[in-house]
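# Working through the structure, step by step
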Amino acid sequence: MLIFKKGSQGRFATAQAPKKVAEVADLPAAMLRKKPALLPEVSELQAVRHFTNLSRRNFSIDTQFYPLGSCTMKYNPKGAQRAAALPGFINRHPLAPESHSQGYLACVYDLQNILKEVTGMAGVSLCPMAGAQGEFAGVAMIKAYHESRDDHARTEIIVPEAAHGTNPATAVMCGYKVKEIPVLANGDVDLAALKAAVGPQTAGIMMTNPSTCGVFERQIEEIAKTVHDAGGLLYYDGANLNAILGQVRPGDMGFDVLHMNLHKTFATPHGGGGPGSGPVAVGKRLLPFLPTPIAGCTEGDSGVKSYHWVGQDKLPDSIGRLSAFMGNAGIILRAYIYAVLLGREGLHRVGEFSTLNANYMAVLMKNAGFELAYKDRRATHEFIITLNKQAKNLGVNAMDFAKRLLDYGYHAPTTYFPLLIPECFLIEPTETESIDELEGFVEAMIAIQKEAENSPEIVKGAPVTQPVRRLDDVKAARELDVSYAE
Amino acid sequence: MPFIPHTEQDIQKMLDVIGVSSINDLFDEIPTHLRAKPLTGVPDGLGEMDMMRLLSDRAQQDEGALCFIGAGAYEHHIPAAVWDVTMRGEFLTAYTPYQAEASQGTLQLIYEYQSMICQLTAMDVSNASLYDGASGLAEAVLMSIRANRKSKSKKVLFAGTVHPLYQKVVIDIVSNQGIEIEVMPINPDNLSVDMEALKAYAEEDFAALVIPQPNFFGGLESVDELTDWAQDKGMLVIGLVNPTALALFNPPGDWGQQGADIAVGEGQPLGIPLASGGPYFGFIACKEKLVRQMPGRIIGRTVDLEGKEGFTLTLQAREQHIRRSKATSNICTNQGLAVTAATIYLTLLGSEGLSRVAKSSHHNARQLLLSLSDVDGVTIRTNTAFFHEFVIQLENEKDGFAEAVLGNMAEQGILGGFNLSEYGADLKNCILVCVTEVKTENDLAIYKSALIRAIEEVTGEC
């Protein structure tokens, strides 16, 4: 039931509002609101109960295995939540003077350095508030770079067809045309097509590696050379950075600019769809264009460090500002704390164990008769199965399997992405899951396969254990109801 | 191994099943010479106990000052229940509600949030939120250019009293698409839109006009007049509003004859801590006819196959994962967790509670304004109706005087406001001061004496 239907006129959580209702006689009556907003009218207990009960209608990492491919749903350490909420951090005004910001600035500065190291890049800005904004910043820097050289002919961004939808959408937001190039049957980019596509109009290429096909792009050095020789730059979409953390660095692969998703690789909570954080890292050529502000540090004679903000006054060619203040500070802090907890060795293990888990699951699935999309390739931190045969022979498709998994207590993997594999699941277990959880998921898939063979209506009618059955999406779009009104 | 549960036996069993002899073998498709060396620039890991010590020491460095800075981020009381419930793992560690049946909690909550935003702004449709107020305004500008059928213009007109950092963010984001922002002058006498200057823009074609309420200086604009003027010229009107103030003042949907077309703003005052500037959330709402130009996620109410009420992502054909290069925006996420907190905040306070917060904040600000009017060396620049934030000018005309005074106050433990000196010659040594309901009479008295002392001491040093 909606919260609006639970209240009674005149009720509210009286402990939470100021007691004294001050007069506001100085305000012109014509400007005052005539009709109060229709907000809930409930007691504090009613509110707490309503939202606590709503929370119980969610799957989450804390309650379920959540192998959503390309989303890196790993454990979000509680210590990071606790430390980021320390009063000094939580109460600091974003425009507080540097004298009252040294603690926060130190964390920002340290994280910038850690991210530089793990990506192999020359500079980092933590400003972008999400992966998509990081992409925007990255492509805007590519544009600023070409323009700074008076090279105005570069109007195109190349994107492999398996890319996330954000890549082409971002290129357009930066005023570029998008040229998609095909991906080979083995998951690698079609190099011949790339060579034919590049030219003086090429501003750059946006790539994910490991790609969204769940395989490592083996020709990356040749791709880098091809694009660089044509005068373009390489953008690395850090969506899959978890796979290679500590194993191979984007900077060493030849990328000029990248964004990271701290809510994936650095274990900050996904929060039901945000907030995220999408820092950008760049090679030397793009350093002048980083978005601001950035944390800087000077060391006094006595070795005492003093931190300050570097704004556009000190970085005049910066692409500028992406948020009113300085990005999703609380998420930046949590990512820093995660890096502090893991340290050098721990970060190195992230890539190792996320890859071990995915490969183990992939082999178990294959042994159970499921079809891997790239069976001759090594899985990375994620892998793809296709349920095309089940869809054709049994009439049970990937969506049906996904919904039935919910009944078995598992969040479904990413479905129907990448678009070029029919009826697919993109499965990413992450390093924080135990072997028991991985095996449990595979057993559930085997059980659903048996159901699909023997009584497919069970699978097609799933889920039956959730608060609702399958929803009427067509009605939702046609008879738009997006706001409650009495 | 922090957060990695594998035992030696687990690892061996897994390697045997995969058929490799070591984890390292799993990276055999990466060219050997590209493999990373140990990350020497990263320190050794710390246990939670040592980490807490390090972070507590750092947090304490930033603690303890009495803050009178507003300028887009406002300190309000946050009921304990807000974050207690928001931090439940089921909200905190869920993701985008792609599997609607297993995400009804988040989905219903966002539907309730959308409803509350529509109520506050008097608009028809709200999305599930954007990153923050400033980037939200950039999205509103892009939306207005897509949505304005009467105008082909790629120019948007801004009141000069829009928050300067917002102006900067919008220009930095939209200029990549060849969109121009024209900023109208500020009337220095009342720090509001110069109504006389409107005439200069009468013949030009703009897609939209952005009107802040209250404006950056805390002042109230003549929103009805401005709205009618702009709509009469075929512009859409974007209202940039403070959500706390909406409990008190006419909402954008009621501005002028027809109401503003888009309302946008920073959601932080609704239960989100200052926290160094984020994560906050931007809210955006519009008239129903513009819904298909709205960026970001929208949640709709529908029924399941048994006819039971349920909630789902809707109108996804606008979004990047479907439309790719033709999407309304590249945005994927909303600020889900911040929205969760804001929804609980609005539920606890209700209309009456929010209105009391607004009145009490404004009352306190007015008390401080009145008490500062007899301070030597201080002129009150705010001379129109305002909301919980006002401008004072230090009469000493020396360059950097305001900065020095604020620095002196900071040493006394008072963050005295936002220095406006950079924002126009007429604002030299001006300070934007904010007061909310959390300040007591004693706090206001401390502010006044700290300001007096700072002016004396800095003047003495000159």
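Residues numbered from 1 in each chain as written. Chains lettered and ligands numbered in written order. Predicted model: local features only at pLDDT ≥ 70, side-chain atom pairs only at ≥ 80, totals over all residues.

## Overview of the overall build of chain A
Secondary structure summary: chain A contains 16 helices and 13 strands in total. Over its C-alpha atoms chain A spans a radius of gyration of 25 Å, differing by no more than 12% from the 23 Å that the globule rule assigns to 486 residues. By its C-alpha atoms, chain A is 75 × 60 × 45 Å across when sized along the principal axes. The buried share among the 486 residues of chain A stands at 61%. Sequence separation of at least 24 residues holds for 74% of the intrachain contacts in chain A that already meet a minimum separation of 6. (Helix = DSSP H or I, 4+ residues; strand = E, 2+ residues; numbered from the N terminus. Rg over C-alpha atoms; globule rule 2.2 N^0.38 Å. Buried ≥ 20, exposed ≤ 12 C-beta atoms within 10 Å, placed from the backbone. Contact = placed C-beta atoms within 7 Å.)

## Describing the overall build of chain B
A count of helices and strands for chain B gives 12 helices and 17 strands. The principal-axis extent of the C-alpha atoms belonging to chain B is close to 80 × 55 × 50 Å. Within chain B, buried positions represent 62% of all 462 residues. Considering only intrachain contacts with a sequence separation of at least 6, the fraction spanning at least 24 residues in chain B is 74%.

## Some details on the interface of chain A and chain B
Taken residue by residue, the interface counts 168 residues in chain A and 159 residues in chain B. Across the side of chain A that touches chain B, the residue classes break down as 91 nonpolar, 47 polar and 30 charged. (Nonpolar A, V, L, I, M, F, W, Y, C, P; charged D, E, K, R; others polar.)

## Remarks on the environment of alanine 485 of chain A
All names here are of chain A. One can find alanine 485 in the segment after helix H16 (473-478). Here alanine 485 falls in the exposed class, since 10 other C-beta atoms lie within 10 Å of it. A C-alpha to C-alpha distance of 8.5 Å links alanine 485 and leucine 38, two positions 447 residues apart in sequence.

## With respect to helix H12 (residues 441-461) of chain B
All names here are of chain B. In this model, H12 (21 residues) spans 30 Å end to end at C-alpha, consistent with the 30 Å of a helix rising 1.5 Å per residue. For H12, every residue scored as buried is listed here: Tyr447, Ala450, Leu451, Ala454, Ile455 and Val458. For H12, the arc enclosing every buried residue in end-on projection is 135 degrees, short of the 170-degree limit, so these residues lie on one face. Residues Glu441, Asn442, Ala445, Ser449 and Gly460 are exposed on H12 and point more than 90 degrees away from its buried face. Elements in contact with the buried residues of H12: helix H10 (336-372), strand E14 (389-394), helix H11 (401-411) and strand E15 (414-415). (Expected span 1.5 Å × (residues − 1). Arc of directions from axis to C-beta.)

## A word on unusual backbone geometry
For the bond running from glutamine 213 of chain B to proline 214 of chain B, omega is -10 degrees, close enough to zero to count as cis. Mapped onto the fold, proline 214 of chain B is located in the loop between strand E7 (208-213) and helix H8 (223-232). With an omega of -5 degrees, the peptide bond running from glycine 278 of chain B to proline 279 of chain B counts as cis. Summarising the element assignment, proline 279 of chain B is placed in the loop between strand E9 (262-266) and strand E10 (282-286). A positive phi is found at aspartate 150 of chain A, a non-glycine position, where the angle reads about 60 degrees. Mapped onto the elements of the fold, aspartate 150 of chain A is located in the loop between helix H5 (131-148) and strand E2 (156-160). Residue leucine 315 of chain B is not a glycine yet carries a positive backbone phi of 50 degrees.

## Examining the nonpolar core
Judged by nonpolar contacts, the single largest core of 321 residues is most densely connected at Tyr235 and Ile337 of chain A together with Val141, Ala208, Val210 and Ile262 of chain B. Looking at this core, the element that brings in the most residues is helix H11 (residues 329-367) of chain A, giving 22 residues. Residues within four places of valine 210 of chain B in sequence aside, it is in contact with Leu137, Val156, Phe158, Ala159, Val162, Ile238 and Leu240 of chain B. (Core = buried A, V, L, I, M, F, W, Y, C linked by C-beta atoms within 7 Å.)

## Some details on the environment of cysteine 332 of chain B
The residue cysteine 332 of chain B is located in the loop between helix H9 (320-323) and H10 in this model. C-alpha separation for the pair cysteine 332 of chain B and proline 295 of chain B, spaced 37 residues apart in sequence, amounts to 9.5 Å. Ignoring anything within four residues of it in the chain, the contact list for cysteine 332 of chain B reads Ala130, Gly131, Ala132 and Thr166 of chain A together with Gln320 of chain B.

## Re the environment of alanine 477 of chain A
Summarising the element assignment, alanine 477 of chain A is placed in helix H16. Owing to 17 C-beta atoms within 10 Å, alanine 477 of chain A belongs among the partly exposed residues under this scheme. For alanine 477 of chain A, the contacting residues outside a window of four places in its chain are Thr314 and Leu315 of chain B.

## Quick word on the pairing of E2 of chain A
Residues and elements named next belong to chain A. Across the five residues that make up E2, a large majority, five, are buried. Along E2, one buried face is formed by Glu156, Ile158 and Pro160 and the opposite face, lined by Ile157 and Val159, is buried too. Inspection of the sheet shows E2 paired to strand E3 (residues 177-181) by five bridges, in the parallel sense. Paired with isoleucine 158 across the two strands is lysine 179, which belongs to E3. With helix H6 (residues 166-173) bridging E2 and its parallel neighbour E3, the resulting β-α-β unit is right-handed. (Pairing = 2+ DSSP bridges. Right-handed = clockwise from strand over helix to strand, strands pointing away.)

## Here we look at the sheet that holds strand E1 (residues 123-125) of chain A
Residues and elements named next belong to chain A. Taken in spatial order, the seven strands line up as E1-E7-E6-E5-E4-E2-E3 in an open sheet, and their pairing is mixed. Strands at the two margins of the open sheet, each flanked by one partner only, are E1 and E3. Between one strand axis and the next, the sheet turns by 20 degrees as a mean value, whatever way the strands run. Most of the contacts of helix H4 (residues 102-119) go to E1, to which it runs at about 125 degrees, and overall it touches E1, strand E6 (257-260) and strand E7 (280-282). (Axes fitted to C-alpha atoms, helices over the stretch in contact; angles between N-to-C directions.)

## What about the sheet that holds E10 of chain B?
Residue and element names in this part refer to chain B. Spatial ordering of the open sheet is given by E2-E10-E9-E8-E7-E3-E4, a layout of seven strands whose pairing is mixed. For this open sheet the edge positions go to strand E2 (125-126) and strand E4 (180-183), each flanked by a neighbour on one side alone. Packing of H8 onto the sheet brings it into contact with E7 and strand E8 (236-241), and relative to E7 it is tilted by some 175 degrees.

## Quick notes on the packing of H4 of chain A against helix H2 (residues 48-61) of chain B
Their axes nearest at 6 Å, the elements H4 of chain A and H2 of chain B cross at an angle of 130 degrees. By the angle between their axes, H4 of chain A is oblique relative to H2 of chain B. Counting all contacts with H4 of chain A, which are made through Gln102, Gly103, Ala106 and Cys107 of chain A, the residues of H2 of chain B involved are Arg58, Ala59, Gln60 and Gln61 of chain B. Looking at the contact of H4 of chain A with H2 of chain B, its residues break down into three nonpolar, four polar and one charged. (Parallel < 35°, antiparallel > 145°, perpendicular 65-115°, else oblique.)

## Some points on the packing of H4 of chain A against H11 of chain A
Residues and elements named next belong to chain A. Running from N to C, H4 and H11 cross one another at 45 degrees; their axes reach a closest spacing of 10 Å. Comparing the axis directions of H4 and H11 gives the class oblique. By crossing handedness, the relation of H4 to H11 is classed as left-handed. Here Cys107, Val108, Asp110, Leu111, Ile114 and Val118 of H4 lie close against H11, whose contacting residues are Ile332, Leu333, Ala335, Tyr336, Ala339 and Leu347. Residue classes in the contact of H4 with H11 are distributed as 11 nonpolar, no polar and one charged. (Left-handed = near helix turned anticlockwise from the far one by under 90°.)

## Some words on helix H5 (residues 104-121) of chain B
Residue and element names in this part refer to chain B. Compared with the 26 Å implied by 1.5 Å per residue over 18 residues, the 26 Å span of H5 between its first and last C-alpha is a close match. Buried residues dominate H5, accounting for 18 of its 18 residues. In the stretch just after H5, alanine 122 is the one whose phi turns positive, near 60 degrees.

## A closer look at the confidence of the model for chain B
The predicted coordinates of low-pLDDT regions are not to be read in fine detail. Averaged over every residue, the pLDDT of chain B is 95; the share at 70 or more is 100%. Taken over the whole predicted complex, pTM reads 0.97, whereas the ipTM for its chain interfaces reads 0.96. (pLDDT = per-residue confidence, 0-100.)

## Description of the pairing of strand E5 (residues 233-238) of chain A
Residue and element names in this part refer to chain A. In terms of burial, E5 is a largely internal element, six of the six residues being buried. The alternating pattern of E5 places Leu233, Tyr235 and Asp237 on one face and Leu234, Tyr236 and Gly238 on the opposite face, and all of these are buried. Pairing analysis gives four bridges linking strand E4 (residues 202-207) to E5, with the strands arranged parallel. For isoleucine 205, the partnering residue across the bridge sits in E5 and is leucine 234. What joins E4 to E5 is helix H8 (residues 220-229), and the crossover it makes is right-handed. Relative to E6, E5 runs parallel, the two being bridged by four bridges. Across the sheet, residue glycine 238 finds its bridge partner in E6, namely methionine 260.

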